[in-house]
Amino acid sequence: MQSESGRRVGFLRGPVTPRLGLTLGLVAAGASGLVPFASRADAPPSVMFLLDNHESMQDFPVYLPEDFTPGFEPPPTASTKPGDRGGEGSAGLALNTGCDDPALVQAMSWFDKGSPDPAKNGSVIFDNDPDLSSTFFDPNKFYFTRGRRIAWWVEEGPGTLSSDFETMTTYGDSLTACYGSVGWDLADYPYGAVNAQIMTDCMRCLDTKGWWRGPIVTARTSPSQAGPWQEPGEAPLPPEAFRKWIVSGRVLNVRPPKFVIARKALKDAIASASNVRMGVATFGRDQGWYDPPQLLSGLRPSCDKSTPTIDEVALNRHLLMQAVNKTEFRNNERSVGEALFGLGGYFSSQVVDGKWASWFNQPINPGWGWPGCCSGGTLDNPYTGELGQNWAWANDEWLKQTSTDPVTGVVRPGQPWEGTGTDKAVCSESQVSSVIVVTGGRPHSDNSVPLTRMMDILVADGAWHPDGSLLTFDPSNPQTNPNPGGVNYCHLFGSTQQACDYTDYNWPTGLATTNKNFMDDVSFFLSHADLRDDMTGNQSVRTSVIGYGNSHPMLQSIALAGKGQFYRVDTTATLRDALLNSLGALSAPASSAP
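Residues numbered from 1 in each chain as written. Predicted model: local features only at pLDDT ≥ 70, side-chain atom pairs only at ≥ 80, totals over all residues. Heavy atoms only, no water.

## Some points on the overall build of the protein chain
Here's step 1: The secondary structure content of the protein chain amounts to 15 helices and 13 strands.
Here's step 2: Against the compact-globule benchmark of 25 Å for 594 residues, the protein chain has a radius of gyration of 25 Å, which places it among compact chains.
Here's step 3: Summed over its atoms, the accessible surface of the protein chain is roughly 22100 Å², and 53% of this surface lies on carbon and sulfur atoms.
Here's step 4: For the protein chain, the separation between the mean place of its 45 positive charges and that of its 62 negative charges on side chains is 5 Å. (Helix = DSSP H or I, 4+ residues; strand = E, 2+ residues; numbered from the N terminus. Rg over C-alpha atoms; globule rule 2.2 N^0.38 Å. Areas by Shrake-Rupley, 256 points an atom, 1.4 Å probe, with all protein chains shown as cover. Lys, Arg positive; Asp, Glu negative; His and termini not counted. Charge placed at Lys NZ, Arg CZ, Asp CG, Glu CD.)

Right, dumping it as structure tokens:
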């Protein structure tokens with residue numbers, strides 16, 4: 001949970017063969033306690049892909065460079081005009097702009113428009129999916145970006161990327177791109193007999209090199225040319241967020257943003273996977289405290305179309321890939337734990353027998369320091385002052401229905417459930433059920449889950465940790481209790497349990513040392529609890545995690561607690577391979593641990 005209602009909107013417009021050489025950072029079974037899934041011939045596995053839609057997924061994996069050579073650019077003088085190098089006009093401060101500075105040229109050497117190698121010249125379109133409104137990316141078009149991401153019309157002007165994450169504003173020539181980037185302000189940036197100095201530089205750079213580093217947004221920048229803004233309760237923005245660039249589609253084909261990489265890799269995995277039911281989900285919009293996940297596509301095909309073999313027509317891979325395309329990468333929280341909890345409800349037998357509600361109807365009376373009605377609560381938000389005393393107290397907190405935001409009109413997803421008849425999440429007692437999380441960073445604003453109730457259920461069932469010790473949980477006096485129990489495996493991954501108690505720009509959190517963040521507790525609950533009473537056996541759900549450019553201990557703890565696998569990936573190819581290897585692991589022997 002983190003309130004999104006006050007966010008500023010400034011510019012809104014428009015079979016797998018594992019390869020030994022993979023640098024996936026796999027947390028293997030054995031010493032780590034991770035084990036892959038069992039395969040049973042009478043029921044294909046079901047996998048829900050959970051795609052991170054946090055706003056930072058818009059970022060480039062590596063920011064465009066701020067490198068410069070000291071003294072290369074002469075200082076401004078009294079005669080420096082707004083459109084000169086070193087000048088400040090309506091589009092920002094023209095400091096260290098251009099494409100000639102030796103340090104900048106070296107920092108951009110990963111791209112070479114004139115290279116015969118497509119991996120360097122960007123001539124191959126990264127994602128040419130015809131279902132997308134725009135090509136990602138046209139080598140013959142120019143795009144406005146900031147140093148950290150493609151300029152987003154919602155927060156930055158002038159923008160390129162629209163709010164649907166499918167449509168982009170592009171330019172076919174250097175003149176319209178350069179002058180469009182300054183809003184055709186001919187007073188500050190003359191055009192005609194004598195063009196503004198930085199506009200001349202811009203056109204030359206785009207024509208010869210395919211990129212141009214432009215001005216920096218300052219407090220004096222025109223509002224239509226400014227953004228983004230620091231949002232309450234969020235970490236300070238990096239300097240690259242305020243640096244304007246224009247780049248050709250070739251540059252973006254070499255180094256696309258994270259969301260473009262993740263979207264393409266997931267679609268490729270869906271197209272390639274065999275003998276598996278699949279669905280797609282993402283983190284839900286803000287709803288106050290607990291934010292149910294958004295189900296973009298339920299598991300396909302239905303049970304009657306899944307055996308003895310998957311019916312390809314009913315699976316409809318194209319529809320699943322279209323669902324991936326509909327992901328909007330704009331969330332201001334990375335609510336992995338809350339989404340996993342909601343997907344647990346989807347895999348449960350709630351529709352048949354009301355099991356989920358029997359567990360999580362309010363009140364749960366967790367006591368101070370934990371979420372839930374009517375005795376829970378936490379400290380106030382240190383950044384915004386938002387009150388924490390009524391943490392997740394709503395009568396319908398864990399069973400929220402779909403609603404519409406009364407201010408914005410945006411539909412907010414409710415707690416997802418399976419369908420009826422043959423449209424079920426679990427088709428047989430022998431089915432392997434799994435969630436594969438694809439994420440770009442550690443979770444935050446992600447602790448509104450009924451932790452005490454989940455732990456009570458598992459302690460009563462005699463759940464074990466991977467090392468064979470019994471799960472314990474003591475919610476009393478969390479601020480002073482030295483042994484609260486629960487789940488935290490961060491110390492097994494080159495870190496400490498306390499390192500996963502992070503609270504910086506992360507609210508709300510619990511108060512107990514070694515258990516302030518609950519995402520791994522949730523994955524442990526899903527992998528150990530019997531979610532269905534309409535079938536025999538333990539109908540649990542396992543969780544694997546793929547960290548794109550990130551291997552935070554919490555992500556690894558989530559995977560271990562979820563009886564899944566963790567992969568650290570840093571390239572498009574390894575992300576695709578990690579997805580396919582995660583699916584391939586479903587046919588490996590299962591754990592005998594409780």
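## Some thoughts on a nonpolar patch on the surface
Here's step 1: On the surface, W184, L186 and Y191 cluster together into a nonpolar patch covering about 300 Å² of accessible area.
Here's step 2: Looking at the secondary structure, you find W184 in the loop between α3 (174-181) and α4 (197-208).
Here's step 3: Of the residues examined, W184 reaches a relative accessible area of 40% and is grouped as partly exposed. (Patch = residues over 30% accessible without salt bridge, like charges linked within 9 Å, V, L, I, M, F, W, Y side chains within 5 Å. Salt bridge = Lys/Arg side-chain N within 4 Å of Asp/Glu carboxyl O. Buried < 20%, exposed > 50% of the residue type's maximum accessible area, 1.4 Å probe, protein only.)

## Comments concerning the pattern of salt bridges
Here's step 1: Overall, the coordinates contain 26 salt bridges when judged by the stated rule.
Here's step 2: Its salt-bridge partner being E155, residue R149 comes within 3.0 Å of it at the nearest N-O pair.
Here's step 3: Take E155: its relative accessible area is 3%, and that puts it in the buried class.
Here's step 4: In this structure, R412 engages D405 in a salt bridge whose closest nitrogen and oxygen atoms are separated by 3.8 Å. Pair check on accessibility: R412 and D405 agree, each one buried.
Here's step 5: Linked by salt bridges that have partners in common, E55, R148, R149, E155 and E156 make up one network.

## Regarding the state of the cysteines
Here's step 1: Within the structure shown, the criterion is met by five disulfides.
Here's step 2: There is a disulfide in this structure between C99 and C205, and the S-S distance comes to 2.1 Å. Residues C99 and C205 are joined by a disulfide whose S-S torsion is about -85°; by sign, that bridge is left-handed. In this pair, C99 is assigned in the loop between β3 (92-93) and α1 (102-107) and C205 in helix α4, connecting sequence segments 106 residues apart.
Here's step 3: Owing to a relative accessible area of 0%, C99 belongs among the buried residues under this scheme.
Here's step 4: Here C303 connects covalently by a disulfide to C427, the sulfurs 2.1 Å from one another. Sign of the S-S torsion, about -85° for the bond between C303 and C427, identifies this disulfide as left-handed. Here C427 lies in the loop between β10 (411-412) and β11 (433-439) and C303 lies in the loop between β8 (294-300) and α7 (312-315), a separation of 124 residues in the sequence.
Here's step 5: Exposure remark for C427: the relative accessible area of 27% places this residue in the partly exposed category.
Here's step 6: Looking at the protein chain, its bonded cysteines, counted consecutively from the start of the sequence, adopt the pairing 1-4, 2-3, 5-8, 6-7, 9-10. (Disulfide = S-S within 2.5 Å.)

## Comments concerning the pairing of strand β5 (residues 211-216)
The side chains of a regular strand alternate, first on one face of the sheet and then on the other.
Here's step 1: Across the six residues that make up β5, a large majority, six, are buried.
Here's step 2: Bridge count between β5 and strand β6 (residues 243-248): four bridges; the pairing is antiparallel. Counterpart to R213 in the pairing with β6 is W245. (Pairing = 2+ DSSP bridges.)

## Concerning the packing of aromatic side chains
The relative placement of two aromatic rings is captured by the distance of their centres and the angle of their planes.
Here's step 1: Summed over all chains, the structure comprises 30 aromatic pairs.
Here's step 2: When the ring of F341 is compared with that of F360, the centres are 5.1 Å apart and the planes differ by 75°; the resulting orientation is edge-to-face. Highlighted residues: F341 in helix α9 (residues 336-347) and F360 in helix α11 (residues 355-360), separated in sequence by 19 residues. For the pair formed by F341 and F360, the shared burial category is buried.
Here's step 3: A connected cluster of aromatic rings, assembled from ring pairs, spans F136, F137, Y143, W152, F165, F259 and F329.
Here's step 4: Against the face of W110 rests R255, its NZ or CZ located 4.1 Å from the ring centre. (Phe/Tyr/Trp six-rings, centres within 6.5 Å; stacked < 30°, edge-to-face > 60°. Lys NZ or Arg CZ within 6 Å of the ring centre and 35° of its normal.)

## What to know about the nonpolar core
Here's step 1: M199, L575 and L579 are the most contacted members of the largest nonpolar core, which totals 79 residues.
Here's step 2: The element that contributes the greatest number of residues to this core is helix α6 (residues 258-272), accounting for eight residues.
Here's step 3: With residues up to four places along the chain from it excluded, the contact list for M199 reads C178, Y179, S181, V182, Y189 and W212.
Here's step 4: Judged by nonpolar contacts, the second largest core, of 63 residues, contains A357, F473, Y489 and A512. (Core = buried A, V, L, I, M, F, W, Y, C linked by side-chain atoms within 4.5 Å. Contact = heavy atoms within 4.5 Å.)

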